[in-house]
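Residue-level structural notes
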Amino acid sequence: MPLHLTPAQVDTYDREGFVFPIDVLSPEEVRSFRSELEEWERQRGAPIDFPEKSKSYLLFDWADRLVHHPRILDAVQDVLGPDILVYRSTLFEKEARTPAYVRWHQDSTYFHLSPHLHITAWVALSDASVAAGCMQALPGSHRWGAFEHDDKPDPMNMIKRGQGISGRFDEAQGSFMPVQAGQMSLHHTDLVHASAGNDTDDRRLGYAISYIPAHVKPTGPVVPSALRVRGRSHGHFVEEARLHSALTPDAYARHGEALARFRALQDSGFQGQPGGSGQLAQSAKSTDAAQGVKNLNGTRGASA
Ligand SMILES: O=C(O)CCC(=O)C(=O)O
């Protein structure tokens, strides 16, 4: 018996590669998470950006509470089973009336995990309507295999290197995945998905949490870190410690170490493609990623 999803929702996820909307947060919770984030942004005088918007659960109380939220974890457990790690998170933020977007892509091509069992819980902290640039997906594409990706960096692309699939789905619209504040969608790591700009007067805030079952293994030359949030760890990742004091120098140091590990892998290229992690030593010699790999291999397996 599922813990939070209905059997029909579990079937939909299996068949389509995504499922929505799933109610997870009360209006009070949405208000408190969003106001904590926006109070921090007000103090710094700018919207959240890298590095804080990546793996935010190692820096902010609101994000720590979200990745441990029992309703989110219950829904994720319905798909992944009882031993659950957070591999990464990204706050996908589109300011009001901006053309921020992501290209058609598959997360698995640059997450460097095997098998492909990672799931993203995309939790809406504001309404993500079609007009606000909610996610779009190609139903069933999680079963179509891996597509070749390339990098097209662009300031308006919310994914750092602008990863995406060229020339295949450029004109496609896909199925929209609108969610209201407090709801989430779940999508499979092999699903082809994208999103367009925000044409509304509110910012669009989606906290995308990448959960993996603890038996999944990292591939590639650097052991990345992950946070155990339910059940037991299987020892395949450097274990992150749960945040105990938000935004302190200690929290920033742990966050920086975790991000360095993640980026060294992510910036090494695409899994299974020329220039991907299998060929890291050759392809990434002159990049920051290569330097990161060099530094981190010295501390392989050390705790973050
Ligand atoms: O928030 C978006 O529009 C894109 C999110 C995304 O690509 C993801 O969560 O994998």
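Residue numbers run consecutively from 1 along every chain, following the written order of its sequence. Local features are withheld for residues below a pLDDT of 70 in this predicted model, meaning they are given only at 70 or higher, and side-chain atom pairs are given and counted only at 80 or more; totals for whole chains, interfaces and linings count all residues.

Section: the site of the ligand
Test applied: Here is the check we use: build the C-beta atom from the backbone, and if it is within 6 Å of the molecule or strand, call the residue near. Only runs of H or I of at least four residues qualify as helices and only runs of E of at least two qualify as strands under DSSP, and these elements are numbered from the N terminus.
Lining the immediate environment of the ligand, one finds Phe92, Val102, Asp107, Thr120, Trp122, Met135, His193, Ser195, Gly206 and Ala208. When residues of the shell around the ligand are traced back to their parent elements, those giving at least two are strand S5 (119-124), strand S11 (193-195) and strand S12 (204-213).

Quick notes on the sheet that holds strand S2 (residues 84-94)
Rules: Two strands qualify as a pair provided DSSP detects at least 2 bridges between them. Working definition of a contact: two residues with C-beta atoms, positioned from the backbone, lying within 7 Å. Here, axes are lines fitted to C-alpha atoms. For helices the fit covers the stretch in contact, and angles between N-to-C directions go from 0 to 180 degrees.
Spatially, 7 strands are ordered S1-S10-S5-S12-S2-S14-S15 in an open sheet, and the strand pairing comes out mixed. Edge strands, defined here as strands with exactly one partner in the open sheet, are strand S1 (18-23) and strand S15 (238-239). Here strand S14 (residues 225-230) runs beside S15; their pairing, made up of 2 bridges, is parallel. Directly across from Ser225, in S15, lies its bridge partner Val238. Those strands touched by helix H1 (residues 7-16) are S1 and strand S10 (183-188), and its axis lies near 150° from that of S1.

Section: unusual backbone geometry
What counts is decided by this rule: Between the buried cut of 20 or more and the exposed cut of 12 or fewer other C-beta atoms within 10 Å of a residue's own C-beta lies the partly exposed class, and all C-beta atoms are placed from the backbone.
Look at the link from Phe20 to Pro21: it is a cis peptide, with omega at -15°. Inspection of the secondary structure puts Pro21 in strand S1. Each neighbour pair has its own omega, and for Phe50 with Pro51 the value is 5°, a cis peptide bond. Here Pro51 shows up in the loop between helix H2 (27-44) and helix H3 (61-67). A positive phi is found at Arg97, a non-glycine position, where the angle reads about 50°. Assignment of secondary structure puts Arg97 in the loop between S2 and strand S3 (102-105). Take Arg97: there are 12 C-beta atoms within 10 Å of it, and that puts it in the exposed class. Phi at Leu247 takes a positive value of approximately 65°, unusual for a residue other than glycine. Locating Leu247 in the fold gives a position in the loop between S15 and helix H5 (249-266).

Focus: the environment of Met177
Mapped onto the secondary structure, Met177 falls in the loop between strand S9 (175-176) and S10. Residue class for Met177 comes out buried when judged on the 21 C-beta atoms lying within 10 Å of it. Along the backbone, Met177 and Ser129 are 48 residues apart, and their C-alpha atoms lie at a distance of 8.0 Å. When near neighbours in sequence (up to four residues on either side) are disregarded, Met177 contacts Phe18, Phe20, Cys134, Met135, Gln136, Ala137 and Ser185.

Overview of the sheet that holds S11
Strand order across the open sheet formed by 4 strands is S3-S11-S6-S9, with antiparallel pairing between neighbours. The open sheet has two edge strands with one neighbour each: S3 and S9. Two strands pair when backbone bridges link them, and strand S6 (residues 135-137) and S9 are joined in this way by 2 bridges, in the antiparallel orientation. Following the sheet pairing, Gln136 is matched in S9 by Phe176.

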